[in-house]
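The residues making up each chain are set out below.
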Amino acid sequence: MEGRALRRPQFLPLLLLLSGVCPRVDGCNETRMLEKLPRCGKAFAEMMQQVDVWKWCNLSEFIVYYEIFTTCTEVETNLVGCYWPNPLAESFITRIHKQFFSNCTVDRVHWEDPPDEILIPLITVPILLTVAMAGLVVWCGKHNDKMSQWKKT
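Residues numbered from 1 in each chain as written. Predicted model: local features only at pLDDT ≥ 70, side-chain atom pairs only at ≥ 80, totals over all residues. Heavy atoms only, no water.

Participant: Please clarify how the overall build of the protein chain should be interpreted in this entry.
Facilitator: Scanning the protein chain from N- to C-terminus turns up five helices and zero strands. The N-to-C order of helical and strand elements in the protein chain reads α-α-α-α-α. Expressed as a percentage of the 153 residues in the protein chain, the buried residues total 21%. With an accessible surface of roughly 12400 Å², the protein chain has 63% of that area assigned to carbon and sulfur atoms. (Helix = DSSP H or I, 4+ residues; strand = E, 2+ residues; numbered from the N terminus. Buried < 20%, exposed > 50% of the residue type's maximum accessible area, 1.4 Å probe, protein only. Areas by Shrake-Rupley, 256 points an atom, 1.4 Å probe, with all protein chains shown as cover.)

Here it is in structure tokens:
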């Protein structure tokens, strides 16, 4: 029993390699990867058919399907000895994005300055308050000097 316990850790790297958890060291077979990745795209397309087309831009409607797609591309890439992500896998994922999400635009807020009737008071009031506070500090300083001189006499 003790001898078996000592041998188990030796098989862990082999088990990880065979299960596809980590990429093989013998090199990336890009041809096989490009043959396998379309399976992930096809499965994703089939899952996306369950989602109404007008909901394709709402990530919460298909996030589970996208996670499955991402995991599939990662596993298939690792199985052929390639690292994930890599440029070929990224270009495949980009093509899938263009196929399903090309009509999804990001609504950007167009910022404009407020009208002059609002902008001018927002600028001038802090300036005038700063000048007034500085003047008040100077006046109080001079007033305290006169009071301290009056008390001494």
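Participant: In this structure, what is going on with the packing of aromatic side chains? I would like to understand it.
Facilitator: Describing an aromatic ring pair means giving the distance of the ring centres and the angle of the ring planes. The final tally for this structure, using the stated rule, is nine aromatic pairs. Arranged with centres 5.9 Å apart and planes meeting at 50°, the rings of Tyr-66 and Phe-69 form a pair that is tilted. In this pair, Tyr-66 and Phe-69 are both assigned in helix H3 (residues 63–79), three residues apart and thus about one turn of the helix distant. Three or more aromatic residues link up through ring pairs in this structure, and these residues are Phe-44, Trp-56, Phe-62, Tyr-66, Phe-69, Phe-92, Phe-100 and Phe-101. (Phe/Tyr/Trp six-rings, centres within 6.5 Å; stacked < 30°, edge-to-face > 60°.)

Participant: What is the right way to read helix H2 (residues 30–48) from this model?
Facilitator: Residue pairs three or four apart in sequence face the same way in an α-helix, which turns once every 3.6 residues. Helix length check: H2, at 19 residues, gives a terminal C-alpha distance of 27 Å against a target of 27 Å (1.5 Å per residue), a fit within 8%. Taken together, the buried positions of H2 are Met-33, Lys-36, Leu-37, Cys-40, Gly-41, Phe-44, Ala-45, Met-47 and Met-48. Looking at the packing, one finds that the buried side of H2 touches H3 and helix H4 (87–101). (Expected span 1.5 Å × (residues − 1). Contact = heavy atoms within 4.5 Å.)

Participant: Mind showing me how you'd approach the confidence of the model for the protein chain here?
Facilitator: Do not read the predicted coordinates in detail wherever pLDDT is low. In this model, the protein chain carries an average pLDDT of 81, and 75% of its residues clear a pLDDT of 70 or more. Contacts from residues 1–17, a stretch scored under 50 in pLDDT, to residues over four places away or in other chains number five contacts. (pLDDT = per-residue confidence, 0-100.)

Participant: Got a minute to help me understand H3 in this structure?
Facilitator: Over its 17 residues, H3 extends 24 Å from the first C-alpha to the last, a length consistent with the 24 Å expected when each residue adds 1.5 Å. Burial in H3 covers these residues: Tyr-65, Tyr-66, Phe-69, Thr-70, Thr-73, Glu-76, Thr-77 and Asn-78. If you follow the buried residues of H3, they end up packed against H2 and H4. One or two residues past the end of H3 sits Gly-81, with phi positive at roughly 85°.

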